[in-house]
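This is what each chain is made of:
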Amino acid sequence: MKHLLRELPPIHELQHSVQFDDLRTRLGQTPEQITKAIQQVINDIRYVLVNGMMEEQITSQNLPDYIWAQTEQKLIQLERDRITNVINATGTVLHTNLGRARLSEKAIEHVVKVAGQYSNLEYNVEEGKRGSRHDILEEMLVEVTGAEAAMIVNNNAAAVYLVLRALAKEKEVIVSRGQLVEIGGSFRVSSIMEESGAHLVEVGTTNKTHLYDYENAITEDTGMILKVHTSNFKTIGFTQTVESEALVELTQKSEGVIFYEDLGSGSIFDFREAGIGEEPVVREVIESGVDLVSFSGDKLLGGPQAGIIVGKKVLIDRLKKHQLARVLRVDKMTFAALEKTLLAYITGHARQELPTLRDILKPLDEIEAQCSQFITTLEPYQEIYDVEMVESTSQIGGGTMPDVHIPTFVVAVTHRHYTAKQLAEKIRLGQPAIIARIKDEKVLLDFRTISKDEMDQVGTVFIELAKD
Ligand SMILES: *Cc1c(COP(=O)(O)O)cnc(C)c1O
């Protein structure tokens, strides 16, 4: 096919053809954009021809059509969404790769409103002067956690960094060896500590740390005891951790030593009452006397990405005044989403309004009904699909409650012509993408994390595949 190289038309010729004008009117794109796309297409074609990689049957006759079709594809690609929604069929509610918590309807509405207009982000309307964004949601956070004061930063990793940097730089910070965790491959307590300029003092062993380990480690240089919620793994068997209460007592006896707990998830809703996990609620941790607590906004709280720091007012005030507070500050859209998320807790509607809570607490019969509905949808395609509803378990995710497996129902799907891996890939490349698990050569769809609104879309992706 190399002879085609000589037949590639010059760009200026293509620019003056009717197809060029046709693309302009149909796609509404500028001549510059179209020219750029044509150049890329010609370069691509030249490359595959030179390397003998052309898969299509291209002849001198259909070459121009091929160029225009490829150009149109490129231009359409240019306008596609880079970040877009996917269907989470994994059953993992707080899937870090899939954006963690979904926002509530009210949170979304509020974000849209605040994003499109001017707001009082840093303006005190009553007094007609500059205000502080740190004050906007503080009262609400104080109300839901019972803490004296609160502050919001970009995410919980930022919260940990700020606390260490502002309050323990060049001081010793005591951490139990069993809590030196790495979360999601990118957040490592020891690395953040090093970045912050605080000096890590490890105590105890991987499986056991006693109160006397902490006591013996306290020196004149100790600035803080940090307790990290070991949220994404669980040491089982012969283990011992020191309760927060004991550490509160110890730090109160030790002049100038702050007790800070990185809770990771930080739940406001008590999942234990629903029989799920042993996660303490933030209020309890505060009541135990911990000086500072931080947690994520988009984990069990069910809100936007944020790092929430609550605790003693003297300490929070120091954090707000630190230069890094400016670096780590959050956007108005985050405040808007967080406001309505917190309001759901204050008004007692969190269980109904917040998708994260709804998904975790989704009744089994609802999941079962969705499974049945999907199976019915695929009934006309029995030649292609084998489907079966089976019992399984869902996970919370986001490094939260790793040992908790919530009972669920999944639909196990096999395709007559594809392996499970191929089927999973096909639905992943569907519109919208469906992300599912594979087990025992079957694709598993967990309807815990698929909302009722998404049922039709899931059905359509599978029906389209059946027609291939
Ligand atoms: C998730 C987690 C973090 C990081 O929080 P992000 O909001 O993802 O930055 C830090 N510490 C613990 C214990 C966590 O579980």
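Residues numbered from 1 in each chain as written. Predicted model: local features only at pLDDT ≥ 70, side-chain atom pairs only at ≥ 80, totals over all residues. Heavy atoms only, no water.

Below, the discussion takes up the layout of surface pockets. Its volume calculated, the largest pocket comes out at about 1100 Å³. Lining the largest pocket are 37 residues, with Ala 101, Arg 102, Leu 103, Pro 355 and Glu 454 sitting closest to its centre. Every element with two or more residues in the lining of the largest pocket is listed here: helix 5 (105-116), helix 15 (350-353), helix 16 (355-360) and helix 17 (364-377). Among the elements that line the lining of the largest pocket, the one with the most residues is helix 16, at three residues. Residues that form the lining of the largest pocket fall into these classes: 11 nonpolar, 12 polar and 14 charged. Counting contributing residues per domain, the lining of the largest pocket is built from domain 2 (86-94 + 360-467) and domain 3 (103-353), each supplying no fewer than three. (1 Å grid on protein atoms, 1.4 Å probe; cavity = no way out; pocket = protein on both sides within 12 Å on 5 of 7 lines; lining within 4 Å. Points joined across faces, edges and corners; volume = space filled by probe spheres on them. Helix = DSSP H or I, 4+ residues; strand = E, 2+ residues; numbered from the N terminus. Nonpolar A, V, L, I, M, F, W, Y, C, P; charged D, E, K, R; others polar. Domains from an automatic or database assignment.)

With that settled, the discussion passes to the pattern of salt bridges. As enumerated under the stated definition, the model contains 21 salt bridges in all. For Arg 272, the salt bridge identified is with Asp 270, shortest N-O distance 2.8 Å. Judged by relative accessible area, Arg 272 falls into the partly exposed class, the value being 31%. Between Lys 442 and Glu 388 there is a salt bridge, and its shortest N-O distance comes to 3.8 Å. (Salt bridge = Lys/Arg side-chain N within 4 Å of Asp/Glu carboxyl O. Buried < 20%, exposed > 50% of the residue type's maximum accessible area, 1.4 Å probe, protein only.)

This part is about the UniProt feature "modified residue: N6-(pyridoxal phosphate)lysine" (unreviewed entry) in the protein chain. The sites that carry the UniProt feature "modified residue: N6-(pyridoxal phosphate)lysine" (unreviewed entry) are, in the present numbering, Lys 299. Structurally, Lys 299 is set in the loop between strand 11 (292-296) and strand 12 (307-311). A relative accessible area of 4% places Lys 299 in the buried class. Those residues in contact with Lys 299, other than ones at most four positions away along the chain, are Leu 94, Arg 100, Ala 101, Gly 264, Ser 265, Thr 356, Gly 398 and Thr 400. (UniProt positions renumbered as here; feature names shortened; annotations may be inferred. Contact = heavy atoms within 4.5 Å.)

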